[in-house]
Amino acid sequence: MVRILPPALSLQSFAPPIGTTSFGPDRADLAVRAGRPVTFALAGGACPPLAIDPDGAAPYLSNMATLPIITLPNPLLRKRSADVERIDAELGKLADDMLETMYAAPGVGLAAVQVGVPRRLIVIDTAKEDDPPAPLILVNPEIVTLGPDLRLHEEGCLSIPDERFEIERPARLTVRYLDRNGKLQELAAEGLLATVIQHEIDHLNGKLIIDYLSRLKRDIIIRRFKKLAKTGAGA
Ligand SMILES: [Zn+2]
């Protein structure tokens, strides 16, 4: 298995909830380092077909990069992401960059649309700080079953910095997805992992955590971010 060592894992020392907001210096640094466009084409691109050896170190691992994360009110966040049609080296590179971006933020989940690529791809790592990293890459994920019990969690979102909301979601689920090798997988998840999977799949459907709030509260948040975007503070 390809083992990905996040460079900024120590930042996760407080086991952040989903999409913990990033901090000033890291965020600024992230924007500077991420000064390259995402040239991601899913079909008909010039990329060679999938050639990822799960037992060997892929060359791109030494060249991972953090990507800029889009925030409210960017309309892309409201778009339904399209299916990934081809799992190739370029998709693997995007997933690795997303993982690095997520670790650096720090956060525990990230959807491709949050880095400006509206495709059905999410990355997750809910490992505790003392445990080894456990990156998950889910392509075209679909929830198969949701359990009856609910779980309350204070969720944040990297695309809605500095805000957190208590949200209740099913505590258990099974999800079917393609892994980075294009192999169909089914995963039973509970607790934080189940929450994160639902949060990230919401992103693929253009749904955000503010949609779980009352209309009044949601409008207040949206207005705040529109104002921030205008003044440049939220860019
Ligand atoms: Zn989010």
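Let me begin by describing the structure that accompanies this report. (Residues numbered from 1 in each chain as written. Predicted model: local features only at pLDDT ≥ 70, side-chain atom pairs only at ≥ 80, totals over all residues. Heavy atoms only, no water.)

**A short note on the nonpolar core**
Alright, step 1. Of all hydrophobic cores here, the largest spans 21 residues; its most connected members are Met98, Leu110, Val115, Leu121 and Val123.
Alright, step 2. Looking at this core, the elements with two or more residues in it are α2 (89–104), β2 (121–124) and β3 (136–146).
Alright, step 3. With 7 residues, α2 is the single largest residue contributor to this core.
Alright, step 4. When residues no more than four places from it in sequence are discounted, the contact partners of Val123 are Ala95, Met98, Leu99, Met102, Val108, Gly109, Leu110, Leu136 and Ile137. (Core = buried A, V, L, I, M, F, W, Y, C linked by side-chain atoms within 4.5 Å. Buried < 20%, exposed > 50% of the residue type's maximum accessible area, 1.4 Å probe, protein only. Helix = DSSP H or I, 4+ residues; strand = E, 2+ residues; numbered from the N terminus. Contact = heavy atoms within 4.5 Å.)

**Focus: the pairing of β2**
Alright, step 1. Burial along β2 is two-sided: the face carrying Leu121 and Val123 and the face carrying Ile122 and Ile124 are both buried.
Alright, step 2. Relative to β2, strand β1 (residues 109–111) runs antiparallel, the two sharing 3 bridges. Bridge pairing links Gly109 to Ile124 in β2.
Alright, step 3. Of the pairings in the sheet, the one linking β2 to β3 comprises 4 bridges and is antiparallel in character. By the bridge assignment, Val123 is partnered in β3 with Ile137. (Pairing = 2+ DSSP bridges.)

**A look at α2**
Alright, step 1. With 16 residues, α2 ought to run about 22 Å at 1.5 Å a step, and its terminal C-alpha atoms sit 22 Å apart, in line with that.
Alright, step 2. In terms of burial, α2 is largely enclosed, as 15 of its 16 residues are buried.
Alright, step 3. With a side-chain oxygen positioned 3.2 Å from the backbone nitrogen of Glu90, the residue opening α2 is Asp88. (Expected span 1.5 Å × (residues − 1). Polar contact = N/O pair within 3.5 Å; in protein donor to acceptor, adjacent residues only side chain to side chain.)

**With respect to the side chain of Glu100**
Alright, step 1. Structurally, Glu100 is set in helix α2.
Alright, step 2. For Glu100, a relative accessible area of 10% translates into the label buried.
Alright, step 3. A distance of 2.9 Å separates a polar side-chain atom of Glu100 from the backbone nitrogen of Ala65.

**Description of the coordination of the zinc ion**
Alright, step 1. Taken together, Cys157 (SG), His199 (NE2) and His203 (NE2) make up the protein donors of the zinc ion, found 2.0 to 2.3 Å from the metal.
Alright, step 2. Site description for the zinc ion: donor spacing in sequence, C-x41-H-x3-H. Taken together, the residues His199 and His203, both in helix α3 (residues 191–204) and 4 residues apart, mark about one turn of the helix. For the pair His199 and His203, a shared accessibility class is recorded, and that class is buried. (Donors = N, O, S within 2.8 Å, 3.2 Å for Na, K, Ca; no water.)

**Observations concerning the side chain of Ser81**
Alright, step 1. Locating Ser81 in the fold gives a position in the loop between α1 (24–33) and α2.
Alright, step 2. Excluding residues that lie within four positions of it along the chain, Ser81 makes contacts with Val113, Pro118, Arg119, Arg120 and Leu204.

**Some thoughts on the pattern of salt bridges**
Alright, step 1. As enumerated under the stated definition, the model contains 13 salt bridges in all.
Alright, step 2. Among the salt bridges present, the one from Arg78 reaches Asp211, with a minimum N-O distance of 2.6 Å. Of this pair, Arg78 sits in the loop between α1 and α2 while Asp211 sits in the loop between α3 and α4 (215–231), placing them 133 residues apart in sequence.
Alright, step 3. Its relative accessible area of 23% is what places Asp211 among the partly exposed residues.
Alright, step 4. Here Asp97 and Lys93 are joined by a salt bridge, their closest N and O atoms 3.0 Å apart. Here Lys93 and Asp97 lie together in helix α2, a separation of 4 residues that amounts to about one turn. Comparing Asp97 with Lys93 shows no difference in burial state: the two are buried.
Alright, step 5. What you see here is one network of salt bridges that share partners, running through Asp149, Arg172 and Glu190. (Salt bridge = Lys/Arg side-chain N within 4 Å of Asp/Glu carboxyl O.)

Remember, this is a structural readout, not a statement about activity or role.
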